[in-house]
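Summary of the model geometry
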Amino acid sequence: MSILYKAYFDVIKQGGFLAEIKRLHTIYGTYNITNYTPLFLDRPVVRIAPNELHFSDPRAYHAIYAPGSSFTKEPVTYKCFNSEGSSFTFIDPHQSKIRREMLNPLFSRRAILKLEGVIQQKVDKLLDRITSYPGKLINISLAFRCATVDIIAAYCFAECIEALDADEFNDPFITGTLAFTKFIWIIKYFPFLANLFLSMPGWLAKRFDPFYEGIRALHIQVAKQVDHYLENEDALETAEHEIVYHHLINPQEYKDRHTTPSRRDLNAEALSLLQAGSETVGAACTVGAFYAFKNERVHKKLVAELRDAWPDINLPMPYTSLEKLPYLTAFIKETLRTSNGVVTPLPRVVGPGDADIGGYHVPVGTIVSSGAALVHENAQIFENPYQFYPERWLQADTSLMDKNLVPFSRGPRMCLGFPLAWVELYLLFGNIFRKLDFDLRDTALQEMNEFKELFVAIHEVFYARVEKVAEQSKYSDPINRFFREGVPSSF
Ligand code: HEM
């Protein structure tokens, strides 16, 4: 098997390799890789590149991404993010451990609860902005991405990107990042292109990519911010609240282990946090909101639960109360299961010795992966996996499903920001379903299961008309019901 085979799907088909992996599992996954004996019972492993295996069995998933695993990230794939020196792209487990130790305190429950107001402020702004186009179809996918990038910038850096201020949510950073994401697999095979692009004079780069300005502006803003904190010792004392640089610059904890990362690394870390923390949450919001407003049963249950908890629509909705709501919690789990966040199987290199993965002996140096999407679509764990069905999480025993809900991956390199992601999803969904109504009548889209596999899943865009709900729920208020169901013909 040649590397060109994978490159064909990555580059020519622009991210279709996950679908091809699934196809391979249904056809070829019949050989025991140690002695090549046909098994014919199950098809849990396929060879997807000269030195690379993919496993579809959830037991193998948990072996590859096990807590304490010594497997390392596979360097070629992680190079294409052009973010060397960030926690996300470290290959060396020791470097990764130290950087995670430094960043973890900002993503602890205690830290997030302290900064909940910062997130809520951006949620409130999203609600205001998204309802400021009465009667007009709004690009909901862009609106959510603007909100999530503003949240992460405010939370990590006390900085404003103010993407939510952009006209109809066409913020240059968001559209630029989405455009750049499309090149991710091309950069994997031609890594010099990323640096070439970023070092071109502005006028030339703009000819290649109309969204160049947005990315360039963000790089400049981040570089200025890093220099500001590196060069002004007092700046951290006057920062609005605890930010990422309190933990990265002259770190006080574990003084003997932690030192200030280089300027390059600080830049890479900041850009990586902005990207890792915004696209993923934005995509989850898009998928969840689509299914909620498309499906009256789900929407009714969400609204009823939230209305019971907050009969007064104007009262604050704190995270510690939202997280206790069973249906909203089930809904968020189902959203994370179906939206898949990072959709490309995450490649790891087996080492330092050979390993046993899902009952197979795998030699040291082999690249292995298992896609979260395949775990989430496993019908033995999730009945009718292609159905968006939050109620599955309300059964008496959900332990098997909980163990296999892996949108944030598992093990030493699992998502660093997952506690923040949960809080964002509770605050965003809680406020949206209590306070807004989305009219999807002019959206032709019926399902949200199509996506481009560009490491993250880029789903179809959906549009809706958005209005604030009246004080009373629309399910008891005839005027509001007309907004959703249309005026009856006899009216
Ligand atoms: C629904 C939202 C999110 C999903 C589904 C998600 C998913 C993931 C996944 C699957 C990984 C592992 C990637 C890999 O192994 O290559 C990851 C890593 C990471 N995520 Fe998230 N993420 C989300 C939100 C966030 C947020 C809000 C932040 C905060 C800034 C964040 C920061 C990171 C970082 C820094 C890493 C790299 C960790 C490491 O390699 O050690 N993520 N995320």
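Residues numbered from 1 in each chain as written. Predicted model: local features only at pLDDT ≥ 70, side-chain atom pairs only at ≥ 80, totals over all residues. Heavy atoms only, no water.

With that out of the way, let us pick up the confidence of the model for the protein chain. Do not read the fine detail of predicted coordinates wherever pLDDT is low. Predicted confidence across the protein chain gives a mean pLDDT of 89, with 92% of residues reaching 70 or more. When the criterion is pLDDT under 50, residues 31-41 qualifies, and its contacts beyond four places in sequence or with other chains add up to 19 contacts. Of the regions scoring below 50 in pLDDT, residues 473-491 engages in 36 contacts with residues more than four places distant in sequence or in other chains. For this predicted complex, the interface confidence reaches an ipTM of 0.99, while the overall pTM sits at 0.92. (pLDDT = per-residue confidence, 0-100. Contact = heavy atoms within 4.5 Å.)

Let us now look at the site of the ligand. Neighbouring the ligand are 28 residues; K73, Y78, R100, R348 and C415 lie closest to it. Residue R413 places a side-chain N or O atom 3.0 Å away from an oxygen atom belonging to the ligand. When contributions to the shell around the ligand are tallied by element, the ones reaching two or more residues are α16 (263-294) and α22 (418-435). Of the residues forming the shell around the ligand, the biggest block, five residues, is contributed by α16. The class makeup of the residues in the shell around the ligand is 17 nonpolar, six polar and five charged. (Near = heavy atom within 4 Å. Polar contact = N/O pair within 3.5 Å; in protein donor to acceptor, adjacent residues only side chain to side chain. Helix = DSSP H or I, 4+ residues; strand = E, 2+ residues; numbered from the N terminus. Nonpolar A, V, L, I, M, F, W, Y, C, P; charged D, E, K, R; others polar.)

Right, let's talk about the packing of aromatic side chains for a bit. Aromatic ring pairs are described here by two measures, namely the spacing of the ring centres and the angle between the planes. According to the stated counting rule, one finds 29 aromatic pairs in the structure shown. Ring geometry for Y61 and Y65: centres 4.6 Å apart, planes at 45°, overall tilted. Overall, the relative accessible area of 2% leaves Y61 in the buried class. Residue classification places Y65 among the buried positions, given a relative accessible area of 2%. Note on F293 and F433: the rings are 5.5 Å apart at their centroids and 55° apart in plane angle, and the pair reads as tilted. Taken as a pair, F293 in helix α16 and F433 in helix α22 lie far apart in primary sequence, 140 residues in all. We note that F293, like F433, is buried. Counting every residue linked through ring pairs, the aromatic cluster contains F290, Y291, F293, F331, F388, F429, F433, F438 and F462. (Phe/Tyr/Trp six-rings, centres within 6.5 Å; stacked < 30°, edge-to-face > 60°. Buried < 20%, exposed > 50% of the residue type's maximum accessible area, 1.4 Å probe, protein only.)

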